[in-house]
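Chain by chain, the residues:
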Amino acid sequence: MKQKEAHLGYWLILPTVLLIVGLILYPIIYNLWLSLHKVNMNPAIPNTFIGLGHYWKVLTDIDFWMSFKTSIIFTVSTVVGTTLLGLGVAILLNREFKGRTIVRGIILLPYVAPVISLVFGWKYLFHPVFGLANYVMVDVLKLLPHNIDWIESPQYAFYAVIVFNIWRNFPFSFLMILARLQSIPASLYEAAEIDGATGWNKFFHITLPELNFVIGALVILRTIWNFYKFDEVYLLSPSVETLPVYVYEKAFANFNFGEGAAITTILFIFVLGFILYYVKKVLKW
Amino acid sequence: MKKKLSLIIAGMLLMALLIPFGVLAAGKTEIEFWTTETEEARMAVIKELVKDFEKLNPDIKVNVVAVQENDVPTKLAAGMAAGMLPEVVEMGAENILRLGAEGMMDVKAAGQIIDELGRDDFYKGALKMVATPEGGNYAVPMHGWVQGIWYRTDLFEEKGLEPPTTWENILKAAEAFHNPKERLYGIVIGTDKDSYARQTFTQYALANNARIFDENGNIIFNSPEMIETLDYYAKLAQFTPPGPNTWRDARDLYLAGLVPMMMYSTYIMDDIGISRTGYKGAIVENLVDKTALANVMINKSSATFGQIVALGILKGNKENQVEATKKFVKYLMSDAAYIDFLHMAPGGMNPTRRSIAKDPRYLDNEVIKVYGEKAAEIAAGLDNIGKFGYVKGKVFPEIGKITSQFIIGETIMKMTEHGWSAEKAAEWAQKQMEEAVKQ
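Cut-offs used in this document
- Residues numbered from 1 in each chain as written.
- Chains lettered and ligands numbered in written order.
- Predicted model: local features only at pLDDT ≥ 70, side-chain atom pairs only at ≥ 80, totals over all residues.
- Heavy atoms only, no water.
- Helix = DSSP H or I, 4+ residues; strand = E, 2+ residues; numbered from the N terminus.
- Rg over C-alpha atoms; globule rule 2.2 N^0.38 Å.
- Buried < 20%, exposed > 50% of the residue type's maximum accessible area, 1.4 Å probe, protein only.
- Contact = heavy atoms within 4.5 Å.
- Lys, Arg positive; Asp, Glu negative; His and termini not counted.
- Charge placed at Lys NZ, Arg CZ, Asp CG, Glu CD.
- Domains from an automatic or database assignment.
- Buried area = accessible area lost by both parts, 1.4 Å probe.
- Salt bridge = Lys/Arg side-chain N within 4 Å of Asp/Glu carboxyl O.
- Nonpolar A, V, L, I, M, F, W, Y, C, P; charged D, E, K, R; others polar.
- Polar contact = N/O pair within 3.5 Å; in protein donor to acceptor, adjacent residues only side chain to side chain.
- Expected span 1.5 Å × (residues − 1).
- Bend = angle between axes of the 7 residues up to and from the residue.
- Phe/Tyr/Trp six-rings, centres within 6.5 Å; stacked < 30°, edge-to-face > 60°.
- Core = buried A, V, L, I, M, F, W, Y, C linked by side-chain atoms within 4.5 Å.
- Pairing = 2+ DSSP bridges.
- pLDDT = per-residue confidence, 0-100.
- Axes fitted to C-alpha atoms, helices over the stretch in contact; angles between N-to-C directions.
- Parallel < 35°, antiparallel > 145°, perpendicular 65-115°, else oblique.
- Left-handed = near helix turned anticlockwise from the far one by under 90°.

## Things to note about the overall build of chain B
(1) Moving on: Scanning chain B for helices and strands turns up 21 helices and 12 strands.
(2) Moving on: Relative to a compact globule of 439 residues, whose C-alpha radius of gyration would be 22 Å, chain B shows 24 Å and is just as compact.
(3) Moving on: Reported as C-alpha extents along the three principal axes, the dimensions of chain B are approximately 85 × 55 × 50 Å.
(4) Moving on: By residue count, 56% of the 439 residues in chain B fall in the buried class.
(5) Moving on: Taking contacts inside chain B between residues at least 6 apart in sequence as the whole, the part at least 24 apart equals 76%.
(6) Moving on: Considering chain B, the positive charge centre built from 49 side chains and the negative charge centre built from 58 side chains are found 5 Å apart.

Right, dumping it as structure tokens:
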């Protein structure tokens, strides 16, 4: 009977195991295999094994390091931006006022709307000729002498992408932090008040320590997500070459699958290292 | 009892997974057709044509997949890597050459179709654009467009300017009209990293005898002629709207009356002629009467640029699939089906077969009638268009590797957005192109 049950147990976890092997393990191994080969586009011609050639080429390629730098700046600024903005808004909305549910709903909008519709909205808002942003800055306020292409000109595109990402993703931090805020017992604040604590004192000695864990988790999640962020960056402005965009162009426009695979492997190792360090030293799990 | 239930659920899941495969095995020959006509209205026409075809050939099923023109290289790469390429594709000559260079086009099938439809009926220029270096054809040319500068004759007359047919006249006119404070711009040309920039730039390069390949297939993008062209192009780009521009800017700003000149293909014809077909809401009244096309550009020589879109059959299909595909291509290239297809973008898509160009059914269309004689003149441009991949009768399919990376557009952007000199940009592009061709 026990053995029978054990058998049933294996059968029941089989679909999950198959899914993980098929959807996670197989792609990782295939990717590693690709990164060691010169991949031929024509299926009739076999691929040639070149060992670590792609890795050497990538690590000595100045374009790769430029993209790496872009990605690091992008990730750091958006992680800091989304977390701080989320924290600020959560604290503001963590009190009773009329229409609180509606305001909270509106704040979630950028996060739940499909990214492509947001991108088109922004592109139209910042359109170099017809856009509202230019109209206000140039015609109404006369702050600028002439219209600017805010989103597609390379010198502004990077900032546009960062601002867009923060605006789109801060609601997630907001939601997580707000949920945690509401579970901080009011008695803690009352006790502090009796001891004569100011608002800042309460924030630094009660609120922040209570939020420590949720903010730590948010930072690591957002770092992983944004380091690999492709859709928002590429749709808004392909001229911002973060690493995922760089990989995409290597693999699909230059038809160099091997090199693309090598880059993703390098990224994988880098992010894995970061996570292990962060979990051990910062989160202290 | 519980076990039974879980077995039933597992069984149902399995069924759901297997059903699609069961349908596939029903005995029909299935072919996949990739088209770059992604607009909803055009897809509707194509689906209708496919439905009629399937009615005529009940044993064939055609799956239509729409692919954005700029996405074609990436989709092809993904398809090749996955071994899931379509049977037949409708795409521009560069992409056809690109596939041809990889040895993936069924040259034999294409040749048979051309012969069966009548080789002499095709425009020579159209066949040349998809020719193999050995003299065959990678694909069957289906329709084509011609590019040029569309300009406002009324505004040019007002200022007493000459038509924009020479480099000098173009620059002079752009400068005269450019007034960014009033949101009026001189001209729209391609300055973004895309196909449009390559297409508009090519015409300037050809007019200056600048080439990407020499006769032996060496890349000569850093030649004095090319540097001169880049330099001129960057100068002209000063009189364009802010930021990188693409075809959408050209179309929108011209129809809104904010630029007097822009480069576009014949696909703009129905947009310009639209007020004549009963449409209300045009920003510039009777635009078609105030518009002319300068499709020949003159500097050191005269140049026409355009594109041939062809139907290509991919190699490696089963015998019955090849036969089904041939039937489908012939169906799309003949009679009413062909004319319906061309009428999706009247004036924009010009036939590659003489007999169809003269067919009264083809000429019986509102937009084509609006242009009258002009339409025939424009279509005739198809016979002598020049391109980077063709030098003195030789074809260099490697051009597909360069166009798929949008190197020319990026080179232009280096100058217009990052302030590079023409020399520096040309050297950079030379290196990029050499690397691209090597791969």
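## Re unusual backbone geometry
(1) Moving on: Backbone geometry places K142 of chain A, a non-glycine residue, at a positive phi of 55°.
(2) Moving on: With respect to the helices, strands and loops of the structure, K142 of chain A is situated in the loop between helix 6 (132-140) and helix 7 (154-181).
(3) Moving on: On the basis of relative accessibility, which here comes to 62%, the residue K142 of chain A falls in the exposed class.
(4) Moving on: Phi is positive for D335 of chain B, close to 45°, though the residue is something other than glycine.
(5) Moving on: Within the secondary structure, D335 of chain B is located in helix 14 (residues 335-342).
(6) Moving on: The class of D335 of chain B is partly exposed, set by a relative accessible area of 47%.

## Observations concerning the domain arrangement of chain B
Many analyses report the size of an interface as the accessible area lost when the parts associate.
Residues and elements named next belong to chain B.
(1) Moving on: Under the domain assignment used here, chain B contains domain 1 (28-145 + 307-374) and domain 2 (146-305 + 397-438).
(2) Moving on: One C-alpha centre belongs to domain 1, the other to domain 2, and the line joining them spans 27 Å.
(3) Moving on: Contact residues are listed per partner, giving 24 residues for domain 1 and 25 residues for domain 2.
(4) Moving on: For the domain 1 and domain 2 pair, buried surface summed over both sides reaches about 2200 Å², with 65% attributable to carbon and sulfur atoms.
(5) Moving on: At the junction of domain 1 with domain 2, the criterion picks out one salt bridge.
(6) Moving on: The class makeup of the residues in the side of domain 1 that touches domain 2 is 12 nonpolar, five polar and seven charged.

## Digging into the interface of chain A and chain B
(1) Moving on: With 28 residues of chain A at the contact, the number on the chain B side is 30 residues.
(2) Moving on: Of the roughly 2500 Å² buried at the junction of chain A and chain B (both faces included), carbon and sulfur atoms supply 57%.
(3) Moving on: Here R183 of chain B and D139 of chain A are joined by a salt bridge, their closest N and O atoms 2.7 Å apart.
(4) Moving on: The interface formed by chain A and chain B includes three residue pairs in polar contact (both at pLDDT 80 or more).
(5) Moving on: Those elements giving two or more residues to the side of chain A that touches chain B turn out to be helix 6, helix 7 and helix 11 (243-253) of chain A.
(6) Moving on: Classifying every residue of the side of chain A that touches chain B gives 15 nonpolar, eight polar and five charged.

## Some thoughts on helix 7 of chain A
(1) Moving on: For helix 7 of chain A, built from 28 residues, the straight-helix expectation of 40 Å at 1.5 Å per residue is met to within 8% by its first-to-last C-alpha distance of 40 Å.
(2) Moving on: At N169 of chain A, helix 7 of chain A shows its maximal kink, close to 35°; a proline, P171 of chain A, follows between one and four residues later.

## With respect to helix 10 (residues 224-237) of chain B
All names here are of chain B.
(1) Moving on: With 14 residues, helix 10 ought to run about 20 Å at 1.5 Å a step, and its terminal C-alpha atoms sit 20 Å apart, in line with that.
(2) Moving on: Burial in helix 10 covers these residues: M226, I227, T229, L230, Y232, Y233, L236 and A237.
(3) Moving on: In the core, the buried residues of helix 10 are packed alongside helix 8 (167-177), helix 9 (195-207), helix 20 (407-416) and helix 21 (422-438).

## Quick look at the packing of aromatic side chains
Residue and element names in this part refer to chain A.
(1) Moving on: Tallied over the entire structure, the rule returns 37 aromatic pairs over all chains.
(2) Moving on: With centroids separated by 6.1 Å and ring planes inclined at 10°, the aromatic side chains of Y30 and W33 adopt a geometry described as stacked. Remark: W33 and Y30 occur in helix 1 (residues 2-35); sequence separation between them is three residues, near one turn of the helix.
(3) Moving on: Looking at W33, the relative accessible area reads 38%, which means it is partly exposed.
(4) Moving on: Between F64 and W65, the ring centres sit 5.0 Å apart and the planes meet at 75°, which makes this aromatic pair edge-to-face.
(5) Moving on: Classification of F64 as buried rests on a relative accessible area of 0%.
(6) Moving on: Here the aromatic residues F64, W65, F68, F227, Y228, Y246 and F270 are joined through ring pairs into a cluster of three or more.

## Some details on the nonpolar core
(1) Moving on: Counting 155 residues, the largest nonpolar core has F201, Y204, I212, F221 and F328 of chain B as the members making the most contacts within it.
(2) Moving on: Structurally, this core is a two-domain feature, drawing no fewer than three residues from each of domain 1 (28-145 + 307-374) and domain 2 (146-305 + 397-438) of chain B.
(3) Moving on: Beyond its immediate sequence surroundings of up to four residues, F328 of chain B is in contact with I31, F33, V50, F53, V62 and V88 of chain B.
(4) Moving on: Judged by nonpolar contacts, the second largest core, of 24 residues, contains V89, A90, L181 and I215 of chain A.

## A closer look at the pairing of strand 5 (residues 261-265) of chain B
Residues and elements named next belong to chain B.
(1) Moving on: Of all five residues in strand 5, five are buried, a share of seventy percent or more.
(2) Moving on: Burial of strand 5 is two-sided: the residues M261, M263 and S265 facing one way and the residues M262 and Y264 facing the other way are all buried.
(3) Moving on: The pairing of strand 4 (residues 140-152) with strand 5 spans five bridges and is antiparallel. What sits directly across from W150, in strand 5, is M262.

## Remarks on the environment of A179 of chain A
(1) Moving on: Of note, A179 of chain A is situated in helix 7.
(2) Moving on: Taking relative accessible area as the criterion, A179 of chain A reaches 48% and is therefore assigned partly exposed.

## Observations concerning the confidence of the model for chain A
(1) Moving on: In this model, chain A carries a mean pLDDT of 89, and residues with pLDDT of at least 70 account for 98%.
(2) Moving on: In the model of chain A, strand 2 (residues 48-49) of chain A stands out as the element of lowest mean pLDDT, 84, in contrast to helix 3 (residues 62-92) of chain A, which has the highest, 94.

## Notes on the packing of helix 11 of chain A against helix 12 (residues 257-283) of chain A
Residue and element names in this part refer to chain A.
(1) Moving on: Contact pair helix 11 / helix 12: the axes reach a minimum separation of 7 Å and the direction vectors enclose 155°. With respect to helix 12, the element helix 11 is oriented roughly antiparallel. Like other packed secondary-structure pairs, helix 11 and helix 12 cross with a definite hand, here left-handed. Facing helix 11, whose interface residues are L243, Y246, V247, K250, A251 and F252, helix 12 presents F257, E259, G260, I263, T264 and L267.
(2) Moving on: By residue class, the composition of the contact of helix 11 with helix 12 is eight nonpolar, two polar and two charged.

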